[in-house]
Amino acid sequence: MEALLKRELGYRSVKAAGHSGGGCISQGQSYDTDRGRVFVKVNTKAEARRMFEGELASLTAILKTGTVRVPKPIKVLDAPGGSLLVMEHLDMRSLGSHAATLGVQLADLHLDNKRLGETLQKEAGTVGKGGGQVERPFVDQFGFDVVTCCGYLPQVNDWQSDWVTFYARQRIQPQMELLQGSGDREARELWAALQLKIPDLFRDLDIVPALLHGDLWGGNVAEDPSGPVIFDPASFYGHSEYELAIAGMFGGFSGAFYSAYHGRVPKAPGFERRHQLYQLFHYLNHWNHFGAGYRGSSLSIMRNLVR
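Every value quoted in this text rests on a predicted model; they were computed, and no experiment measured them. Residue positions within a chain follow its written sequence, with the count starting from 1. Only residues with pLDDT of at least 70 get local features here, since the model is predicted, and only at 80 or more are side-chain atom pairs given and counted; chain-wide, interface and lining totals rely on the full set of residues. Hydrogens and water molecules were not included; the side-chain quantities draw on all heavy atoms of the structure.

The domains assigned to the chain are domain 1 (12–88) and domain 2 (93–306). Note that the domain bounds reflect an automated or database-derived domain assignment. On a C-alpha basis, the centres of domain 1 and domain 2 stand 23 Å from each other. Should any heavy atoms of two residues lie within 4.5 Å, those residues are counted as being in contact. Across the contact, 21 residues belong to domain 1 and 28 residues belong to domain 2. Of all residues in domain 1, the largest losses of buried area upon contact with domain 2 belong to T67, V68 and R69, amounting jointly to 27% of the total for that side. Every case where a carboxyl oxygen of Asp or Glu lies within 4 Å of a side-chain nitrogen of Lys or Arg is listed as a salt bridge. At the boundary of domain 1 and domain 2, one finds two salt bridges. The residue R69 makes a salt bridge to D224 at a minimum N-O spacing of 2.5 Å. Counted as a polar contact is a pair of N or O atoms within 3.5 Å, where, for protein atoms, one must be capable of donating a hydrogen and the other of accepting one, and residues adjacent in sequence contribute only when both atoms are in side chains. Here domain 1 is connected to domain 2 by five residue pairs in polar contact (both at pLDDT 80 or more). Put simply, DSSP marks the helices as runs of H or I at least four residues long and the strands as runs of E at least two long, and each gets a number from the N terminus on. Ranked by residue count, the leading element in the side of domain 1 that touches domain 2 is helix α2 (residues 48–65), at 11 residues. As a working rule, the residues Ala, Val, Leu, Ile, Met, Phe, Trp, Tyr, Cys and Pro are called nonpolar, Asp, Glu, Lys and Arg charged, and the rest polar, with Gly in that last group. Partitioned by chemical class, the residues of the side of domain 1 that touches domain 2 number 10 nonpolar, four polar and seven charged. Summed over both partners, buried area is the accessible surface (1.4 Å probe) that two parts give up on being assembled.

Attention shifts here to the packing of aromatic side chains. Here a Phe, Tyr or Trp ring, Trp counted by its six-membered ring, pairs with any other such ring whose centre lies within 6.5 Å, and the pair is stacked when the planes are under 30 degrees apart, edge-to-face when over 60, and tilted otherwise. Going through the model one piece at a time under the given rule, you end up with 16 aromatic pairs. Look at Y242 and Y278: their rings are 5.7 Å apart centre to centre, the planes differ by 70 degrees, and that puts the pair in the edge-to-face class. Residue Y242 is located in the loop between β11 (236–238) and α6 (243–247), and its partner Y278 is located in helix α8 (residues 271–290); the two are separated by 36 residues in the primary sequence. We note that Y242, like Y278, is buried. Looking at K45, its charged tip hangs above the ring of Y152, at a distance of 4.4 Å from the centre. Here, a charge over a ring is recorded when the distance from Lys NZ or Arg CZ to the ring centre is within 6 Å and its angle to the ring normal is within 35 degrees. Positioned over the ring face of F236 is R171, at 4.2 Å from the centre of the ring. Three labels apply to residues, based on accessible area from a 1.4 Å probe with only protein chains included: buried if under 20% of the type maximum, exposed if over 50%, partly exposed otherwise in between.

Mapped onto the elements of the fold, S298 is located in helix α9 (residues 295–306). Among the polar contacts made by the side chain of S298, one reaches the main-chain carbonyl oxygen of Y294 at a distance of 2.9 Å. Beyond its immediate stretch of four places on either side in the chain, S298 contacts L280, Y283, L284 and W287.

It is worth spelling out the side chain of Q170 at this point. In this structure, Q170 sits in helix α4 (residues 163–179). Here the side chain of Q170 touches D158 through a polar contact of 2.9 Å, landing on its backbone oxygen. Non-local contacts of Q170, meaning those with residues more than four positions away in its chain, are made with V156, N157, D158, Q160 and T165.

Right, let's talk about helix α1 (residues 2–9) for a bit. Quick reminder: α-helices carry 3.6 residues per turn. Residues three or four places apart thus point the same way. Regarding α1, the residues found buried are L4, L5 and L9. An end-on view of α1 places all buried positions within 95 degrees of arc, on one side of the element. Among the exposed residues of α1, those pointing more than 90 degrees away from its buried face are A3 and R7. A positive backbone phi angle near 75 degrees is found at G10, which sits one or two residues after α1. Our arc is simply the arc of the directions from the helix axis toward the C-beta atoms.

What makes two strands pair is DSSP finding at least two bridges between them. The pairing of strand β2 (residues 27–33) with strand β3 (residues 36–43) spans seven bridges and is classified as antiparallel. Paired with G28 across the two strands is K41, which belongs to β3.

Cysteine sulfur atoms are paired as a disulfide whenever they fall within 2.5 Å. The final tally for this structure, using the stated rule, is zero disulfides. Unpaired in terms of disulfides, C149 finds its nearest cysteine sulfur in C150, a separation of 9.0 Å. Relative accessible area serves as the criterion here: at 8%, C149 is assigned to the buried category. Overall, C150 belongs to the buried group, its relative accessible area being 3%.

Only the contacting stretch of a helix is used when fitting its axis, a line to C-alpha atoms as for every element, and angles between N-to-C directions run 0 to 180 degrees. Contact pair α4 / helix α5 (residues 185–197): the axes reach a minimum separation of 11 Å and the direction vectors enclose 165 degrees. Considering the angle they form, α4 stands roughly antiparallel to α5. As for the relative orientation of α4 and α5, their crossing is left-handed in sense. Seen from α4, the contacting residues are A168, I172, Q173 and M176; seen from α5, they are A187, R188, W191 and Q195. Tallied by class, residues from the contact of α4 with α5 come to five nonpolar, two polar and one charged. An angle below 35 degrees is treated as roughly parallel, one above 145 as roughly antiparallel, one from 65 to 115 as roughly perpendicular, and anything else as oblique. In this scheme the crossing of two helices becomes right-handed for a clockwise turn of the near helix relative to the far one and left-handed for an anticlockwise turn of less than a right angle.

In structure tokens form, the structure reads like this:
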């Protein structure tokens, strides 16, 4: 590994730092270099490079907003038997005293594209403004420029002008297709019924595309002395409410976080049922990753929503 980092990134010195980590998908190790400490994520799956390129693009997009801290990505590299992602090393601990700050900063991330659009609209109507180069253009569709992976499964991020179409066709439908091998008739029947109900959950709702982390559960947030940090993103432009679905499934977020977030992004009518709909994706995704232990939760949500 040391020789690979020297060769590919031009470091003069590389030495393992003794900090390691990992989750269900990838493993990681920190290295001290002549240009500072870096963290290297390693994965041996055939699709690892695509997964890491999506993560690098996600980190880069979030970083450009200047709203919430993420590790600065450096490069995706091929290695014998897999791929790796090199990024800035951060000394992180569990999220605690900075939970409310994370709520504010996450809301700012979600509002960033909307505010950008409002600013550009104002400048377009002002004499002498609006004719220059725009550093970050307003995004008026749902999707992302590259494939991102929630876990190791790829997400379809083709651009769509309609959020309901995007979510049904490019989030839930691919998960249902992955389940077809299980021959789960009840799941198929419930999904056929639910598709007819989904548009009603979004009636009279004006959704401006928001840049999302995409996989914001308690294991992907932390803090250091300067404030909160989020990592392992699977980003795309979507509905801001989607972000809170997995956050509510596995704990890790306090009342202070939610109060601060909703102080800037208030709940819209119908939030709770849409929250269930967004959790459905994550339960299906876990079913496809880890097995039928998540079947009951997936079907329960669909039954509730088709009533």
